[in-house]
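Letter by letter, the chains look like this.
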Amino acid sequence: MKIWLDGGLQDMESARVSVFDHGLTVGDGIFETVKVVEGRPFALTRHLDRLVRSARGLGLPAPDLDEVRRACVAVLDANPMPLGRLRITYTGGYGPLGSDRGEHGPTLLVALGESTRRPDSTAVITVPWTRNERGALTGLKTTSYAENVVALARAREQGASEALFANTVGQLCEGTGSNVFVVLDGEIHTPPVASGCLAGITRALAVEWTGARETDLPLDVLEHADEVFLTSTLRDVQGVHRVDGRQLPGAPGPVTSKVMRVFEERAGHDLDP
């Protein structure tokens, strides 16, 4: 496996990031995960636009997008596979052990891993922890992911593949690595970005392609929604057949199934929408 680090391709076994890299010591970094089909990335321009927004929000120097694109092409060419996840990681670089940043400049790492197609439906749980819709990192895709690790571990313990959060005022927000949609009386709704959720790439495309409404929703909407589905880079659109102890028979339901078909068709016609 070849990865991109420090301006060029390196063997995975010999590539090394400093133990003083700020992404390691204090989680000072951002990232993007891009779906790759037969060596071709999906929605790369949107992902790179969000990478720039996240860098700006974290106060990191703007990434050189020409280099990022070169790195992506090099890694994809060096590691052919039918379905993969391309991970672009951009950190504060070598720095002191505290929160202050150093002056050595950022680290850019691009790697590729194999992926598999997700099932058409899955189980999710809700967790007691909340997203802070007013936090400094709200809306940024940062490497500070420990909260998600804890929540996802609880989901796995309960036979689910995702955990859903409310925000600090009790509104439905997002999953650890996904956005959530609900169907109410035939209409599709998803929490607005102001709820504290990440502005997901797949979420945005699903809203654009289906006319879904951005709506403030209480967490307990999950107790009576007709259908629930998730969106993310690697899930695309995935139905939900269980929320905590509530079963949703027949998932993916008719509305979710239509969204799945629309997304697959539109994505198949344009790899960089």
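This section reports on the structure supplied with the text. Computed from a predicted structure; not experimentally measured. (Residues numbered from 1 in each chain as written. Predicted model: local features only at pLDDT ≥ 70, side-chain atom pairs only at ≥ 80, totals over all residues. Heavy atoms only, no water.)

This next bit is on the overall build of the protein chain. A count of helical and extended segments in the protein chain gives six helices and 15 strands. Relative to the globule expectation of 19 Å for 273 residues, the C-alpha radius of gyration of the protein chain, 19 Å, shows essentially globular dimensions. Oriented by its inertia axes, the alpha-carbon framework of the protein chain measures out at about 55 × 40 × 30 Å. By residue count, 49% of the 273 residues in the protein chain fall in the buried class. (Helix = DSSP H or I, 4+ residues; strand = E, 2+ residues; numbered from the N terminus. Rg over C-alpha atoms; globule rule 2.2 N^0.38 Å. Buried < 20%, exposed > 50% of the residue type's maximum accessible area, 1.4 Å probe, protein only.)

Turning next to the nonpolar core. Membership of the largest hydrophobic core comes to 24 residues, with the highest contact counts inside it found for Leu86, Ile88 and Val110. At the level of secondary structure, the elements contributing two or more residues to this core comprise strand 3 (29-37), helix 2 (44-58), helix 3 (65-78), strand 5 (83-91) and strand 6 (107-114). Sort the elements by how many residues they give to this core and helix 3 lands first, with six residues. Setting aside chain neighbours within four positions, we find isoleucine 88 in contact with Ile30, Phe31, Glu32, Val34, Leu44, Leu48, Leu51, Val68, Cys72, Leu108, Leu109 and Val110. In terms of nonpolar packing, the next biggest core, distinct from the first, is built from 18 residues, Phe42, Ile201, Val207 and Phe263 among them. (Core = buried A, V, L, I, M, F, W, Y, C linked by side-chain atoms within 4.5 Å. Contact = heavy atoms within 4.5 Å.)

Let us look at the sheet that holds strand 5. Read across the open sheet, the six strands follow the order 2-1-6-5-3-4; overall the sheet is antiparallel. The strands lining the two open edges of the sheet, one partner per strand, are strand 2 (8-11) and strand 4 (40-41). Bridging between strand 1 (residues 2-5) and strand 6 involves two bridges; their strand directions are antiparallel. Directly across from leucine 5, in strand 6, lies its bridge partner leucine 109. Its contacts with the sheet put helix 2 on strand 3, strand 4 and strand 5, and the angle it makes with strand 3 is roughly 175°. (Pairing = 2+ DSSP bridges. Axes fitted to C-alpha atoms, helices over the stretch in contact; angles between N-to-C directions.)

Quick look at a nonpolar patch on the surface now. Among the surface-exposed residues, Val19, Phe20, Leu24, Tyr94 and Leu97 lie close enough to one another that they form a single nonpolar patch of about 520 Å² accessible area. Among the structural elements, leucine 97 can be located in the loop between strand 5 and strand 6. (Patch = residues over 30% accessible without salt bridge, like charges linked within 9 Å, V, L, I, M, F, W, Y side chains within 5 Å. Areas by Shrake-Rupley, 256 points an atom, 1.4 Å probe, with all protein chains shown as cover. Salt bridge = Lys/Arg side-chain N within 4 Å of Asp/Glu carboxyl O.)

At a minimum axis separation of 10 Å, helix 2 and helix 5 (residues 201-210) run at an interaxial angle of 125°. Judged by the inter-axis angle, helix 2 sits oblique to helix 5. Along this stretch, helix 2 crosses helix 5, giving a crossing that reads as right-handed. Between helix 2 and helix 5, the contacting residues are Arg46, His47 and Arg50 on the first element and Ile201, Ala204, Leu205 and Glu208 on the second. (Parallel < 35°, antiparallel > 145°, perpendicular 65-115°, else oblique. Left-handed = near helix turned anticlockwise from the far one by under 90°.)

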